[in-house]
Amino acid sequence: MSIQHAVSVDDLRRLARSRLPRAVFDFIDGGATDELTLKANQLDFESIRLRPRFLRDVSKIELGTDILGKPAAAPLVIGPTGLATLVWPDGECLLAQTAARAGIPFTLSTGAGNTIEEVSAVSDGRRWFQLYVFKDRSLTESMIARAAQAGYDALVLTVDVPVIGKRDRDRHNGFTIPLRWSTRSILDFALHPEWCLQMWRQGMPRLRNFDAARGAADAQSHAALMNSQLDASLTWEVIAWLRQRWKGALLVKGVLCLDDALRAADHGADAVIISNHGGRQIDGVSSSIRALQQWGTQASARVPLMVDGGFRRGGDIVKALALGARAVLLGRPTLYGVAAAGAPGAARCLDILLEEMRITMAHLGVQRASDISRDCLDID
(Lines give C-alpha, C1' and ligand atoms only; values in the text may rest on other atoms or scores of the structure.)
Protein backbone atom coordinates (compact mmCIF):
# COMPACT_ATOMS: atom_id res chain seq x y z
CA MET A 1 0.00 0.00 0.00
CA SER A 2 1.31 3.46 -0.93
CA ILE A 3 0.88 6.59 1.14
CA GLN A 4 -1.70 7.87 -1.35
CA HIS A 5 -3.89 4.85 -0.60
CA ALA A 6 -3.73 5.25 3.18
CA VAL A 7 -7.23 6.18 4.34
CA SER A 8 -6.81 5.88 8.11
CA VAL A 9 -4.25 6.29 10.86
CA ASP A 10 -4.24 2.50 11.15
CA ASP A 11 -3.15 2.31 7.49
CA LEU A 12 -0.25 4.61 8.31
CA ARG A 13 0.60 2.44 11.31
CA ARG A 14 0.76 -0.63 9.05
CA LEU A 15 3.01 1.19 6.59
CA ALA A 16 5.29 2.26 9.44
CA ARG A 17 5.40 -1.27 10.77
CA SER A 18 6.42 -2.69 7.40
CA ARG A 19 9.16 -0.11 6.91
CA LEU A 20 10.77 -0.10 10.38
CA PRO A 21 12.77 -2.83 12.11
CA ARG A 22 10.67 -4.56 14.74
CA ALA A 23 12.62 -3.14 17.68
CA VAL A 24 12.22 0.42 16.38
CA PHE A 25 8.52 0.02 15.62
CA ASP A 26 7.86 -1.51 19.04
CA PHE A 27 9.68 1.39 20.68
CA ILE A 28 7.26 3.94 19.20
CA ASP A 29 4.19 1.69 19.30
CA GLY A 30 4.49 -0.07 22.66
CA GLY A 31 3.36 0.68 26.19
CA ALA A 32 4.16 -0.23 29.77
CA THR A 33 4.08 -3.86 30.99
CA ASP A 34 0.77 -5.53 29.91
CA GLU A 35 -0.28 -2.48 27.82
CA LEU A 36 -3.76 -2.34 29.38
CA THR A 37 -3.73 1.45 29.49
CA LEU A 38 -2.33 1.61 25.96
CA LYS A 39 -5.36 -0.38 24.78
CA ALA A 40 -7.84 1.51 26.99
CA ASN A 41 -6.72 4.81 25.48
CA GLN A 42 -8.37 3.70 22.23
CA LEU A 43 -11.11 1.35 23.41
CA ASP A 44 -12.70 3.83 25.81
CA PHE A 45 -13.76 6.02 22.90
CA GLU A 46 -16.20 3.26 21.92
CA SER A 47 -18.48 3.88 24.91
CA ILE A 48 -18.93 7.56 24.00
CA ARG A 49 -21.73 7.95 21.48
CA LEU A 50 -22.34 10.89 19.17
CA ARG A 51 -25.76 12.53 18.71
CA PRO A 52 -26.44 13.36 15.03
CA ARG A 53 -28.61 16.39 14.19
CA PHE A 54 -29.87 17.12 10.69
CA LEU A 55 -31.57 19.80 8.57
CA ARG A 56 -28.99 22.31 9.66
CA ASP A 57 -26.77 24.30 7.32
CA VAL A 58 -23.43 22.49 7.34
CA SER A 59 -22.38 23.49 3.84
CA LYS A 60 -19.29 25.14 5.29
CA ILE A 61 -17.39 23.51 8.13
CA GLU A 62 -14.89 25.70 9.99
CA LEU A 63 -12.19 24.02 12.09
CA GLY A 64 -10.37 27.21 13.03
CA THR A 65 -10.07 28.02 16.72
CA ASP A 66 -7.71 29.66 19.17
CA ILE A 67 -5.16 27.81 21.26
CA LEU A 68 -3.70 29.67 24.22
CA GLY A 69 -5.09 32.91 22.87
CA LYS A 70 -3.60 32.58 19.38
CA PRO A 71 -5.35 31.46 16.18
CA ALA A 72 -4.96 27.89 14.96
CA ALA A 73 -6.33 26.30 11.79
CA ALA A 74 -7.73 23.38 13.83
CA PRO A 75 -7.95 22.37 17.52
CA LEU A 76 -4.89 20.16 17.12
CA VAL A 77 -1.29 20.19 18.30
CA ILE A 78 1.48 17.83 17.25
CA GLY A 79 2.61 16.55 20.61
CA PRO A 80 6.09 15.63 21.84
CA THR A 81 7.53 12.27 20.82
CA GLY A 82 11.12 11.42 21.60
CA LEU A 83 13.68 10.51 18.94
CA ALA A 84 11.59 11.01 15.81
CA THR A 85 14.93 10.85 13.98
CA LEU A 86 14.91 7.13 14.74
CA VAL A 87 12.06 6.61 12.25
CA TRP A 88 13.06 9.17 9.60
CA PRO A 89 16.06 11.51 9.21
CA ASP A 90 15.35 14.93 10.72
CA GLY A 91 12.03 13.58 11.96
CA GLU A 92 11.30 16.43 14.38
CA CYS A 93 12.13 19.05 11.76
CA LEU A 94 9.73 17.39 9.32
CA LEU A 95 6.97 17.25 11.92
CA ALA A 96 7.49 20.92 12.81
CA GLN A 97 7.30 21.92 9.16
CA THR A 98 4.15 19.83 8.70
CA ALA A 99 2.51 21.52 11.69
CA ALA A 100 3.48 24.98 10.42
CA ARG A 101 1.98 24.29 6.99
CA ALA A 102 -1.19 23.02 8.67
CA GLY A 103 -1.43 26.09 10.90
CA ILE A 104 -1.16 24.25 14.22
CA PRO A 105 1.50 24.21 16.98
CA PHE A 106 4.31 21.67 17.17
CA THR A 107 5.83 20.44 20.44
CA LEU A 108 9.49 19.46 20.55
CA SER A 109 10.48 16.79 23.05
CA THR A 110 13.40 17.25 25.42
CA GLY A 111 14.49 13.82 24.13
CA ALA A 112 14.39 14.84 20.48
CA GLY A 113 16.84 13.83 17.80
CA ASN A 114 16.82 17.35 16.34
CA THR A 115 17.85 20.28 18.51
CA ILE A 116 15.82 23.23 19.73
CA GLU A 117 17.72 25.46 17.34
CA GLU A 118 17.49 23.14 14.30
CA VAL A 119 13.70 22.98 14.53
CA SER A 120 13.44 26.75 14.92
CA ALA A 121 15.62 27.28 11.86
CA VAL A 122 13.35 25.26 9.54
CA SER A 123 9.89 26.15 10.87
CA ASP A 124 8.21 29.54 11.11
CA GLY A 125 5.15 28.08 12.83
CA ARG A 126 4.25 28.01 16.51
CA ARG A 127 6.73 25.93 18.49
CA TRP A 128 6.30 24.60 22.01
CA PHE A 129 9.02 22.93 24.05
CA GLN A 130 8.32 19.91 26.27
CA LEU A 131 10.43 20.05 29.41
CA TYR A 132 11.57 17.72 32.16
CA VAL A 133 12.95 19.47 35.23
CA PHE A 134 16.21 17.70 35.99
CA LYS A 135 18.13 17.21 39.22
CA ASP A 136 20.80 19.45 37.75
CA ARG A 137 18.75 22.65 37.53
CA SER A 138 21.43 24.34 35.45
CA LEU A 139 20.80 21.78 32.68
CA THR A 140 17.09 22.62 32.79
CA GLU A 141 17.77 26.35 32.85
CA SER A 142 19.98 26.10 29.78
CA MET A 143 17.21 24.39 27.81
CA ILE A 144 14.66 26.98 28.93
CA ALA A 145 16.96 29.79 27.83
CA ARG A 146 17.62 28.11 24.49
CA ALA A 147 13.89 27.67 23.85
CA ALA A 148 13.22 31.31 24.67
CA GLN A 149 16.08 32.48 22.44
CA ALA A 150 14.80 30.30 19.57
CA GLY A 151 11.29 31.76 19.72
CA TYR A 152 9.28 28.96 21.32
CA ASP A 153 6.10 30.42 22.78
CA ALA A 154 5.04 27.74 25.28
CA LEU A 155 6.71 25.44 27.76
CA VAL A 156 5.09 22.04 28.35
CA LEU A 157 6.14 20.81 31.80
CA THR A 158 5.79 17.02 31.82
CA VAL A 159 5.15 15.72 35.34
CA ASP A 160 4.25 12.05 34.83
CA VAL A 161 7.73 10.51 34.67
CA PRO A 162 9.17 10.49 38.20
CA VAL A 163 10.97 7.33 37.07
CA ILE A 164 11.22 5.56 33.71
CA GLY A 165 8.48 2.99 33.16
CA LYS A 166 8.98 -0.67 32.29
CA ARG A 167 8.23 -1.52 28.67
CA ASP A 168 8.34 -5.26 28.07
CA ARG A 169 8.49 -5.00 24.30
CA ASP A 170 11.69 -2.98 24.49
CA ARG A 171 13.25 -5.45 26.93
CA HIS A 172 12.31 -8.47 24.80
CA ASN A 173 13.82 -6.76 21.74
CA GLY A 174 16.94 -5.67 23.60
CA PHE A 175 16.17 -2.10 22.55
CA THR A 176 18.62 0.52 23.81
CA ILE A 177 19.90 3.95 22.87
CA PRO A 178 22.24 3.62 21.07
CA LEU A 179 20.88 0.61 19.23
CA ARG A 180 22.52 -2.61 20.38
CA TRP A 181 24.02 -4.88 17.77
CA SER A 182 23.18 -8.57 18.13
CA THR A 183 22.54 -11.46 15.77
CA ARG A 184 18.80 -10.84 15.98
CA SER A 185 19.02 -7.07 15.53
CA ILE A 186 21.42 -7.34 12.60
CA LEU A 187 18.98 -9.69 10.84
CA ASP A 188 16.07 -7.38 11.68
CA PHE A 189 17.90 -4.35 10.30
CA ALA A 190 19.01 -6.24 7.19
CA LEU A 191 15.38 -6.97 6.35
CA HIS A 192 14.72 -3.21 6.26
CA PRO A 193 17.41 -1.86 3.89
CA GLU A 194 15.75 1.50 3.18
CA TRP A 195 15.68 2.36 6.88
CA CYS A 196 19.26 1.14 7.32
CA LEU A 197 20.49 3.29 4.44
CA GLN A 198 18.77 6.36 5.85
CA MET A 199 20.26 5.78 9.30
CA TRP A 200 23.72 5.26 7.77
CA ARG A 201 23.45 8.59 5.95
CA GLN A 202 22.07 10.43 8.97
CA GLY A 203 24.24 8.86 11.63
CA MET A 204 23.14 7.11 14.81
CA PRO A 205 20.19 9.01 16.34
CA ARG A 206 20.91 10.57 19.70
CA LEU A 207 19.29 13.01 22.12
CA ARG A 208 20.79 16.07 20.48
CA ASN A 209 19.54 18.62 23.02
CA PHE A 210 22.11 17.14 25.41
CA ASP A 211 25.06 17.74 23.05
CA ALA A 212 26.37 20.59 25.18
CA ALA A 213 25.86 18.80 28.50
CA ARG A 214 29.00 18.01 30.48
CA GLY A 215 30.02 14.39 30.14
CA ALA A 216 27.52 13.63 27.35
CA ALA A 217 29.61 12.99 24.28
CA ASP A 218 27.66 10.28 22.49
CA ALA A 219 24.26 8.63 22.18
CA GLN A 220 24.85 6.29 25.09
CA SER A 221 25.85 9.02 27.51
CA HIS A 222 22.97 11.23 26.32
CA ALA A 223 20.38 8.58 27.20
CA ALA A 224 22.10 7.67 30.47
CA LEU A 225 22.29 11.33 31.46
CA MET A 226 18.62 12.00 30.77
CA ASN A 227 17.45 8.92 32.67
CA SER A 228 19.71 9.63 35.64
CA GLN A 229 18.60 13.26 35.77
CA LEU A 230 14.86 12.60 36.18
CA ASP A 231 13.94 14.15 39.52
CA ALA A 232 11.52 12.07 41.60
CA SER A 233 11.53 14.73 44.33
CA LEU A 234 9.67 17.40 42.33
CA THR A 235 6.68 19.09 43.98
CA TRP A 236 4.18 21.71 42.86
CA GLU A 237 6.62 24.45 43.86
CA VAL A 238 8.51 23.75 40.64
CA ILE A 239 5.90 25.80 38.75
CA ALA A 240 6.87 28.95 40.63
CA TRP A 241 10.52 28.16 39.92
CA LEU A 242 9.74 27.91 36.20
CA ARG A 243 7.67 31.10 36.22
CA GLN A 244 10.77 33.00 37.32
CA ARG A 245 12.64 31.74 34.28
CA TRP A 246 10.01 31.51 31.54
CA LYS A 247 7.86 34.41 30.31
CA GLY A 248 5.68 32.51 27.83
CA ALA A 249 2.74 30.18 28.33
CA LEU A 250 3.25 27.31 30.78
CA LEU A 251 1.32 24.04 30.41
CA VAL A 252 1.32 21.09 32.80
CA LYS A 253 1.21 17.72 31.02
CA GLY A 254 0.52 14.33 32.58
CA VAL A 255 -2.51 14.99 34.79
CA LEU A 256 -5.12 12.23 35.32
CA CYS A 257 -7.12 13.34 38.37
CA LEU A 258 -9.23 16.37 39.23
CA ASP A 259 -7.21 17.28 42.30
CA ASP A 260 -4.00 17.57 40.31
CA ALA A 261 -5.72 19.65 37.60
CA LEU A 262 -7.01 22.08 40.21
CA ARG A 263 -3.59 22.22 41.90
CA ALA A 264 -2.03 23.09 38.56
CA ALA A 265 -4.58 25.90 38.14
CA ASP A 266 -3.92 27.16 41.69
CA HIS A 267 -0.19 27.28 40.98
CA GLY A 268 -0.71 29.33 37.82
CA ALA A 269 -0.61 26.90 34.91
CA ASP A 270 -1.99 28.41 31.70
CA ALA A 271 -3.41 25.02 30.64
CA VAL A 272 -3.48 21.38 31.73
CA ILE A 273 -2.91 18.45 29.39
CA ILE A 274 -4.73 15.30 30.48
CA SER A 275 -2.35 12.48 29.63
CA ASN A 276 -1.04 9.10 30.74
CA HIS A 277 2.04 9.44 28.53
CA GLY A 278 0.46 7.24 25.88
CA GLY A 279 0.38 4.34 28.34
CA ARG A 280 4.19 4.18 28.17
CA GLN A 281 5.15 4.81 31.80
CA ILE A 282 2.62 3.08 34.08
CA ASP A 283 -0.01 0.48 33.26
CA GLY A 284 -3.46 0.02 34.75
CA VAL A 285 -4.37 3.70 35.06
CA SER A 286 -7.31 5.52 33.52
CA SER A 287 -7.42 6.31 29.84
CA SER A 288 -7.08 10.00 29.05
CA ILE A 289 -10.54 10.24 27.50
CA ARG A 290 -12.16 8.62 30.55
CA ALA A 291 -10.44 11.10 32.84
CA LEU A 292 -11.68 13.97 30.66
CA GLN A 293 -15.20 12.53 30.70
CA GLN A 294 -15.23 12.07 34.47
CA TRP A 295 -13.99 15.43 35.69
CA GLY A 296 -13.24 17.64 32.72
CA THR A 297 -16.31 19.85 33.22
CA GLN A 298 -15.29 20.65 36.80
CA ALA A 299 -11.70 21.45 35.88
CA SER A 300 -12.38 23.40 32.68
CA ALA A 301 -14.13 26.10 34.70
CA ARG A 302 -10.77 26.82 36.32
CA VAL A 303 -8.16 26.08 33.64
CA PRO A 304 -8.15 25.30 29.89
CA LEU A 305 -7.85 21.57 29.22
CA MET A 306 -6.12 19.69 26.44
CA VAL A 307 -5.78 15.94 26.08
CA ASP A 308 -3.71 13.27 24.35
CA GLY A 309 -3.69 9.49 24.19
CA GLY A 310 -5.34 7.01 21.83
CA PHE A 311 -6.66 9.37 19.17
CA ARG A 312 -6.93 7.53 15.86
CA ARG A 313 -10.04 9.04 14.25
CA GLY A 314 -11.38 12.51 13.62
CA GLY A 315 -14.49 11.42 15.49
CA ASP A 316 -12.33 10.77 18.56
CA ILE A 317 -11.12 14.36 18.40
CA VAL A 318 -14.69 15.67 18.16
CA LYS A 319 -15.65 13.60 21.22
CA ALA A 320 -12.83 15.14 23.23
CA LEU A 321 -13.85 18.65 22.19
CA ALA A 322 -17.45 17.86 23.16
CA LEU A 323 -16.23 16.80 26.61
CA GLY A 324 -14.53 20.15 27.15
CA ALA A 325 -11.02 19.89 25.70
CA ARG A 326 -9.78 22.99 23.92
CA ALA A 327 -7.36 20.99 21.75
CA VAL A 328 -6.03 17.48 21.18
CA LEU A 329 -2.33 16.59 21.06
CA LEU A 330 -1.31 13.96 18.50
CA GLY A 331 1.62 11.72 19.36
CA ARG A 332 1.76 8.34 17.66
CA PRO A 333 -0.54 9.20 14.69
CA THR A 334 1.78 11.80 13.14
CA LEU A 335 4.80 9.73 14.15
CA TYR A 336 3.35 6.76 12.23
CA GLY A 337 2.91 9.11 9.29
CA VAL A 338 6.48 10.37 9.26
CA ALA A 339 7.75 6.80 9.83
CA ALA A 340 5.77 5.62 6.82
CA ALA A 341 6.82 8.26 4.31
CA GLY A 342 8.54 11.26 5.87
CA ALA A 343 6.87 14.67 5.56
CA PRO A 344 4.20 13.47 3.07
CA GLY A 345 3.19 10.78 5.56
CA ALA A 346 2.80 13.26 8.40
CA ALA A 347 0.76 15.56 6.16
CA ARG A 348 -1.38 12.62 5.07
CA CYS A 349 -2.12 11.85 8.72
CA LEU A 350 -3.41 15.37 9.34
CA ASP A 351 -5.43 15.34 6.11
CA ILE A 352 -7.15 12.10 7.16
CA LEU A 353 -8.03 13.36 10.63
CA LEU A 354 -9.24 16.76 9.43
CA GLU A 355 -11.45 15.15 6.78
CA GLU A 356 -12.95 12.84 9.40
CA MET A 357 -13.55 15.79 11.72
CA ARG A 358 -15.42 17.67 9.01
CA ILE A 359 -17.59 14.65 8.17
CA THR A 360 -18.38 14.07 11.84
CA MET A 361 -19.27 17.71 12.46
CA ALA A 362 -21.55 17.79 9.42
CA HIS A 363 -23.51 14.82 10.77
CA LEU A 364 -23.73 16.48 14.17
CA GLY A 365 -25.13 19.65 12.60
CA VAL A 366 -22.22 21.77 13.81
CA GLN A 367 -20.56 24.34 11.56
CA ARG A 368 -17.69 25.50 13.76
CA ALA A 369 -15.26 23.65 15.97
CA SER A 370 -15.87 26.26 18.66
CA ASP A 371 -19.55 25.20 18.74
CA ILE A 372 -18.85 21.56 19.56
CA SER A 373 -20.32 20.91 23.00
CA ARG A 374 -21.67 18.16 25.24
CA ASP A 375 -24.95 18.44 23.29
CA CYS A 376 -23.14 16.60 20.50
CA LEU A 377 -22.94 13.46 22.67
CA ASP A 378 -25.62 10.89 23.41
CA ILE A 379 -25.02 10.77 27.16
CA ASP A 380 -27.07 11.50 30.27
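Owing to the predicted nature of the structure, the values given are computational and were not obtained by experimental measurement.

Caption draft 1: Layout of the overall build of the chain. Helix and strand counts for the chain come out as 16 helices and 10 strands. Here the C-alpha atoms of the chain give a radius of gyration of 20 Å, agreeing with the 21 Å that 2.2 N^0.38 yields for 380 residues. In terms of overall dimensions, the chain has a C-alpha envelope of 60 × 50 × 40 Å along the principal axes. Taking all 380 residues of the chain together, 57% fall into the buried category. A separation of at least 24 residues holds for 72% of the contacts in the chain among residues at least 6 apart in sequence. When the accessible surface of the chain is split by element, carbon and sulfur atoms take 51% of a total near 16200 Å².

Caption draft 2: Representation of the side chain of D29 in the model. For D29, the position within the fold is in helix α2 (residues 22–29). By relative accessible area, D29 is classed as buried at 4%. Reaching out from D29, the side chain makes a polar contact with the side chain of Y336 at a distance of 2.5 Å. Setting aside its immediate chain neighbours within four residues, D29 contacts R13, L38, R169, R332 and Y336.

Caption draft 3: Inspection of the packing of aromatic side chains at higher detail. For the structure shown, the criterion picks out 6 aromatic pairs. Centre to centre, the rings of F27 and F175 are 4.5 Å apart; their planes meet at 15 degrees, and the pair counts as stacked. One end of the pair, F27, is in helix α2; the other, F175, is in the loop between α7 (168–173) and α8 (183–190), and 148 residues separate them in sequence. Classification of F27 by relative accessible area gives buried; the value is 13%. According to the relative accessible area criterion, F175 is buried, its value standing at 12%. On the basis of an interplanar angle of 80 degrees and a centroid distance of 6.3 Å, the ring pair of F129 and Y152 is categorised as edge-to-face. Of this pair, F129 sits in strand β5 (residues 127–131) while Y152 sits in the loop between α6 (137–149) and β6 (154–158), and the two are 23 residues apart along the sequence. The two residues F129 and Y152 agree in class, both being buried. The cationic tip of R127 hangs over the ring face of Y152; the distance from NZ or CZ to the ring centre is 5.3 Å. R280 extends its terminal NZ or CZ atom over the ring of F27, reaching a point 5.1 Å from the ring centre.

Caption draft 4: Spotlight on the pairing of strand β9 (residues 305–308). Burial of β9 is two-sided: the residues L305 and V307 facing one way and the residues M306 and D308 facing the other way are all buried. The pairing of strand β8 (residues 271–274) with β9 spans 3 bridges and is parallel. Residue pairing across strands places I274 opposite V307, the latter belonging to β9. Each parallel crossover has a hand, and the one from β8 via helix α13 (residues 288–300) to β9 is right-handed. The sheet contact formed by β9 and strand β10 (residues 327–330) spans 3 bridges and is parallel. Looking at β10, one finds that D308 is bridged to L329.

Caption draft 5: Here's a closer look at the nonpolar core. If you look at the biggest cluster of nonpolar residues, it comprises 114 residues, and the most contacted ones within it are V87, F129, Y152, L242, L292 and I372. When near neighbours in sequence (up to four residues on either side) are disregarded, L242 contacts L131, V133, I144, L155, L157 and L250. Ranked by size, the runner-up nonpolar core spans 13 residues in total, among them A72, V77, I273 and A327.

Caption draft 6: Here's a closer look at unusual backbone geometry. Its identity as a non-glycine residue notwithstanding, L68 has a phi of 55 degrees, on the positive side. Relative to the helices and strands, L68 resides in the loop between β1 (65–67) and β2 (70–72). Its relative accessible area of 27% is what places L68 among the partly exposed residues. The phi dihedral of D90 falls on the positive side, at around 55 degrees, and the residue is not glycine. Take D90: it is sitting in the loop between β3 (76–78) and α4 (91–102). For D90, a relative accessible area of 41% gives the class partly exposed.

Caption draft 7: Examining the pairing of strand β7 (residues 249–255) more closely. Taken across its 7 residues, β7 has 7 buried, putting it largely inside the fold. Pairing of β6 with β7 involves 5 bridges; the strand directions are parallel. Of the residues in β7, the one forming a bridge with T158 is K253. Relative to β8, β7 is paired through 4 bridges, and the arrangement is parallel. Across the sheet, the residue bridging to K253 is I273, located in β8. As for the winding sense of the linkage, the β-α-β connection from β7 through helix α12 (residues 258–266) to β8 is right-handed.

Quick notes on the rules
Residues numbered from 1 in each chain as written. Predicted model: local features only at pLDDT ≥ 70, side-chain atom pairs only at ≥ 80, totals over all residues. Heavy atoms only, no water. Helix = DSSP H or I, 4+ residues; strand = E, 2+ residues; numbered from the N terminus. Rg over C-alpha atoms; globule rule 2.2 N^0.38 Å. Buried < 20%, exposed > 50% of the residue type's maximum accessible area, 1.4 Å probe, protein only. Contact = heavy atoms within 4.5 Å. Areas by Shrake-Rupley, 256 points an atom, 1.4 Å probe, with all protein chains shown as cover. Polar contact = N/O pair within 3.5 Å; in protein donor to acceptor, adjacent residues only side chain to side chain. Phe/Tyr/Trp six-rings, centres within 6.5 Å; stacked < 30°, edge-to-face > 60°. Lys NZ or Arg CZ within 6 Å of the ring centre and 35° of its normal. Pairing = 2+ DSSP bridges. Right-handed = clockwise from strand over helix to strand, strands pointing away. Core = buried A, V, L, I, M, F, W, Y, C linked by side-chain atoms within 4.5 Å.

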